[in-house]
Amino acid sequence: MRKKTKKKKLSKPLVLVLFLATLALRYAFEELSSDPTEKSARKHQLFVDAHLQKLLIEDLPSGSYELPQIQRRHDTLRKKIDRLYGEEHLLGFKVEDAQHPLSPFTVITSEFQDGDPIIVVFLSPLMRLFEEERGAGVTEEDSERFFLIDFIHQLDHLALGHRLKEGEIPSQKKWTKNELAAWAQTCEFSIRPILETPGLRVAPRHSVYYKAWVASGRNVSSEKWKAFIEREYFREPK
């Protein structure tokens with residue numbers, strides 16, 4: 001695979017951009033002058049180093065992640081994404097010191113920039129989530145595994161070709177259709193193998209989806225599955 005030469009414009013306070021080249025990720029961490037304090041920037045960098053670098057830069061690209069089933073799923077999705085978008089559009093990862101503009105609870109999403117598929121991690125809400133999980137007695141290893149499920153869910157979207165046009169706001173029908181397919185894939189090929197591994201667990205937010213998937217008969221066309229997805233994404237906030 002040839003290396004990417006096109007440069008991207010960086011505008012957010014804290015950005016980690018990673019581009020995949022064969023089985024290695026080359027990355028650059030850019031800290032812009034608008035970052036509030038040196039202490040805050042250092043804290044964010046330490047979090048990236050501790051929880052994202054090993055997982056995204058070392059283990060998964062090298063094929064050494066501890067759960068073989070999840071490693072194989074990651075590799076399968078990466079190959080599908082590369083075939084779907086072409087070698088001129090390398091998969092990128094961007095970690096922003098910010099929160100999602102529409103949802104303060106979103107920790108990860110996928111989008112396209114200059115035609116390239118991008119996984120975006122929102123660092124501030126992710127760090128808050130890790131802190132909340134520590135308070136609930138969740139280990140750091142578990143939190144990283146929970147994040148990995150969210151990460152693979154975004155790969156599922158990209159591998160399924162769920163691409164929005166620039167500036168497009170998807171209709172409820174399109175959003176539901178995309179999530180029906182993507183969560184079915186995530187439940188069956190990522191959450192299920194973890195739950196079937198003795199001693200491992202998933203986050204409550206993932207368990208809810210998996211239980212609904214099982215209750216639907218593992219049928220992506222099930223009305224039960226559709227009703228569940230619609231409730232999760234379009235119910236009125238309390």
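Only a predicted model underlies this, so the values are computations on that prediction, with no experimental measurement involved.

Re the overall build of the protein chain
Argument step 1. Looking only at helices and strands, the protein chain has 7 helices and 5 strands in total.
Argument step 2. Reading the secondary structure of the protein chain in the N-to-C direction produces β-β-α-α-β-β-β-α-α-α-α-α.
Argument step 3. The 238 residues of the protein chain split such that 47% are buried.

A few points about the pairing of strand β4 (residues 108-113)
Argument step 1. By the bridge criterion, 6 bridges tie β4 to strand β5 (residues 116-122) in an arrangement that is antiparallel. Among the inter-strand pairings, Phe 112 is bridged to a residue of β5, identified as Pro 117.
Argument step 2. Joining the antiparallel neighbours β4 and β5 is a turn of 2 residues, in which Asp 114 adopts a positive phi near 55 degrees.

Examining the confidence of the model for the protein chain
Argument step 1. Of the residues in the protein chain, 82% reach a pLDDT of 70 or more, and the chain-wide mean stands at 83.
Argument step 2. Per-element confidence in the protein chain is highest for helix α6 (residues 204-215), whose mean pLDDT is 98, and lowest for strand β2 (residues 24-31), whose mean pLDDT is 30.
Argument step 3. Note that residues 1-35 has pLDDT below 50 and, in this model, 86 contacts with residues that lie over four places away or in other chains.

Some words on the pairing of β5
Argument step 1. Taken across its 7 residues, β5 has 7 buried, putting it largely inside the fold.
Argument step 2. Residues Asp 116, Ile 118, Val 120 and Phe 122 of β5 are buried on one face, and the alternating residues Pro 117, Ile 119 and Val 121, pointing to the opposite face, are buried as well.

Things to note about the nonpolar core
If you look at soluble globular proteins, the nonpolar side chains tend to sit buried side by side.
Argument step 1. Counting residues in each nonpolar core, the largest one holds 47 residues, and the members touching the most others are Ile 119, Leu 126, Phe 147, Leu 148, Phe 151, Cys 187 and Trp 225.
Argument step 2. It is helix α4 (residues 140-159) that provides the largest number of residues to this core, a total of 8 residues.
Argument step 3. The contact partners of Cys 187, leaving out residues within four places of it in the chain, are Arg 192, Tyr 209, Tyr 210, Trp 213 and Trp 225.

What to know about the pattern of salt bridges
Argument step 1. All told, the structure shown has 13 salt bridges when counted by the stated rule.
Argument step 2. Close ionic contact of Glu 131 with Lys 43 constitutes a salt bridge, the shortest N to O distance being 3.8 Å. With a gap of 88 residues between them, Glu 131 in helix α3 (residues 123-135) and Lys 43 in helix α1 (residues 38-62) connect regions that are remote in the sequence.
Argument step 3. The class for Lys 43 is partly exposed, based on a relative accessible area of 47%.
Argument step 4. Within this structure, Glu 188, Arg 192, Glu 196 and Arg 218 form a network of salt bridges that share partners.

A look at the packing of helix α2 (residues 68-85) against helix α5 (residues 172-195)
Each pair of packed helices gets described by two things: the angle between the helix axes and the distance between those axes.
Argument step 1. In the contact formed by α2 and α5, the axes pass within 8 Å of each other and the chain directions differ by 155 degrees. Relative to α5, the element α2 is oriented roughly antiparallel. On α5, the residues that touch Gln 69, Ile 70 and Arg 73 of α2 are Gln 185, Phe 189, Ser 190, Pro 193 and Ile 194.
Argument step 2. Residue composition of the contact of α2 with α5, grouped by class: 4 nonpolar, 3 polar and 1 charged.

Looking at α6
Argument step 1. With 12 residues, α6 extends 16 Å between its outermost C-alpha atoms, agreeing within 8% with the 16 Å of an ideal straight helix rising 1.5 Å per residue.
Argument step 2. Every buried residue of α6 is accounted for by His 206, Tyr 209, Tyr 210, Ala 212 and Trp 213. For α6, the angular spread of buried residues about the axis comes to 160 degrees, placing them on one side. Projecting away from the buried face of α6 at angles above 90 degrees are the exposed residues Pro 204 and Lys 211.
Argument step 3. Looking at the buried positions of α6, the neighbouring elements they touch are α4, α5 and α7 (223-234).
Argument step 4. Gly 217 sits one or two residues past α6 and shows a positive phi near 80 degrees.

Parameters and conventions
Residues numbered from 1 in each chain as written. Predicted model: local features only at pLDDT ≥ 70, side-chain atom pairs only at ≥ 80, totals over all residues. Heavy atoms only, no water. Helix = DSSP H or I, 4+ residues; strand = E, 2+ residues; numbered from the N terminus. Buried < 20%, exposed > 50% of the residue type's maximum accessible area, 1.4 Å probe, protein only. Pairing = 2+ DSSP bridges. pLDDT = per-residue confidence, 0-100. Contact = heavy atoms within 4.5 Å. Core = buried A, V, L, I, M, F, W, Y, C linked by side-chain atoms within 4.5 Å. Salt bridge = Lys/Arg side-chain N within 4 Å of Asp/Glu carboxyl O. Axes fitted to C-alpha atoms, helices over the stretch in contact; angles between N-to-C directions. Parallel < 35°, antiparallel > 145°, perpendicular 65-115°, else oblique. Nonpolar A, V, L, I, M, F, W, Y, C, P; charged D, E, K, R; others polar. Expected span 1.5 Å × (residues − 1). Arc of directions from axis to C-beta.

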